[in-house]
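# Survey of secondary and tertiary structure
Given next are the chains, with one letter for each unit.
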Amino acid sequence: MPALLLEVLAGPDNALLHIICMHGRPKTIRDLLHLTNRQDMPNIQYGLRKLINLGYVSKSGSGRTGVYYVGTARGHKICRDYADLRKKLLLKSFAASPDHRKAARQATEQL
C-alpha cells in the first residue's frame, strides 16, 4: 500500500514534481516552462523551492554551467505511489461499470 503523503501539494506543484521525475533526466527551468506550457517563471521557481524544501527535488549546477533539477529517491517514490494508486482506482471503477467494454468502444469510435 502506498505511503501516506503528509505534505499536501497543490495541483501545479504535483504536476511539476511529476514532470521533473519523468524520464529520469535532469530538467532546466526552460524545460519545465516548456513542458508545463507556462510562462510564469516566478511561480515555477516558487514551486521548485517548495519541492526542494520537502526533499522531493534536488538542484545542481550554477548560473554559469546551467542549473538542473532532478527528482530525489523520495520524489520518485511519491510519483510511483501516485501512479499505482491511480491505476488501482481507475481499474476498480472501470470494472464496476457493467458496460465498460461497450463504453470504451464508443469512446474509441468518437475519438
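So, here is what we can say about the structure in this document. (Residues numbered from 1 in each chain as written. Predicted model: local features only at pLDDT ≥ 70, side-chain atom pairs only at ≥ 80, totals over all residues. Heavy atoms only, no water.)

## So, the overall build of the chain
How we decide: In this text, helices come from DSSP runs of H or I with a minimum length of four residues, and strands from runs of E with a minimum of two, each type numbered from the N-terminal end. Our radius of gyration looks at C-alpha atoms and nothing else; its globule reference is 2.2 Å times the residue count to the power 0.38. Residue burial is assigned from relative accessible area. The probe radius is 1.4 Å, only protein chains are included, and a residue is buried under 20% of its type maximum, exposed over 50%, and partly exposed in between. We call two residues in contact whenever any of their non-hydrogen atoms come within 4.5 Å of each other. In these tables, accessible area is a Shrake-Rupley quantity obtained with a 1.4 Å probe, and a residue counts as shielded only by the protein chains included in the view.
For the chain, the helix and strand inventory stands at 5 helices and 2 strands. The linear arrangement of helices and strands in the chain, starting from the amino end, is α-α-α-β-β-α-α. The C-alpha atoms of the chain give 18 Å as radius of gyration, which overshoots the globular expectation for 111 residues (13 Å, by more than 25%). Dimensions of the chain along its principal axes, counting C-alpha atoms only, are 60 × 35 × 20 Å. Considering the chain as a whole, with its 111 residues, one finds that 24% of them fall into the buried category. Of all intrachain contacts in the chain linking residues separated by at least 6 positions in sequence, the fraction that spans at least 24 positions is 48%. Element-wise, carbon and sulfur atoms account for 57% of the exposed surface of the chain, whose accessible area totals about 8300 Å².

## Looking at the pairing of strand β1 (residues 57-62)
Counted only if it meets this: Pairs of strands are assigned from DSSP output, requiring at least two bridges between the strands.
The pairing of β1 with strand β2 (residues 66-71) spans 6 bridges and is classified as antiparallel. Along β2, the bridge assignment pairs Val57 with Gly71. In sequence, β1 turns back onto β2 through a hairpin of 3 residues.

## As for the nonpolar core
A general feature of soluble globular proteins is that nonpolar side chains tend to end up buried together. The criterion, for reference: Residues belong to one nonpolar core when they are buried, are Ala, Val, Leu, Ile, Met, Phe, Trp, Tyr or Cys, and are joined through side-chain atoms within 4.5 Å.
One finds Leu17, Leu32, Leu48 and Leu51 to be the most contacted residues of the largest nonpolar core, which totals 17 residues. Listing elements by their share of this core, those giving two or more residues are α1 (11-21), α2 (29-36), α3 (41-53) and α4 (73-96). No other element matches the 5 residues that α1 contributes to this core. Among all residues touching Leu17, those that are not within four sequence positions of it are Leu9, Leu51, Tyr56, Val57, Gly75, Ile78 and Cys79.

## Some details on the pattern of salt bridges
Pairing between side chains of opposite charge can happen when the charged atoms of each approach one another. Convention followed: One speaks of a salt bridge when a side-chain nitrogen belonging to Lys or Arg is within 4 Å of a carboxyl oxygen belonging to Asp or Glu.
For the structure on display, the rule yields 3 salt bridges. Across the pair Lys50 and Asp13 runs a salt bridge, and its minimum N-O distance is 2.5 Å. With Lys50 in helix α3 and Asp13 in helix α1, this pair connects stretches of sequence that are 37 residues apart. The closest approach of N and O atoms between Lys77 and Asp81, which form a salt bridge, is 2.8 Å. Of this pair, Lys77 and Asp81 both sit in helix α4, 4 residues apart, which is roughly one turn of that helix. The class of Lys77 is partly exposed, set by a relative accessible area of 36%.

## Brief notes about the packing of α1 against α4
Convention followed: Axis definition: a line fitted to C-alpha atoms, over the contacting stretch in the case of helices. Angles run 0 to 180 degrees between N-to-C directions. Working rule for angles: under 35 degrees goes down as roughly parallel, over 145 as roughly antiparallel, 65 to 115 as roughly perpendicular, anything else as oblique.
With their axes 10 Å apart at the nearest point, α1 and α4 run at an angle of 105 degrees to one another. Taken as axis vectors, α1 and α4 run roughly perpendicular relative to one another. Note on element contacts: α4 touches α1 through Gly75, His76, Ile78, Cys79 and Tyr82, opposite Asn14, Leu17, His18 and Cys21.

## Examining the packing of α2 against α3
Definition in use: Three categories are distinguished: nonpolar for Ala, Val, Leu, Ile, Met, Phe, Trp, Tyr, Cys and Pro, charged for Asp, Glu, Lys and Arg, and polar for the others, with Gly belonging to the last.
Contact geometry for α2 and α3: axes closest at 11 Å, N-to-C directions at 110 degrees. Relative to α3, the element α2 lies roughly perpendicular. Across the interface between the two elements, Ile29, Leu32, Leu33 and Thr36 from α2 touch Met41, Ile44, Gln45 and Leu48 from α3. In terms of residue class, the contact of α2 with α3 is made up of 6 nonpolar, 2 polar and no charged.

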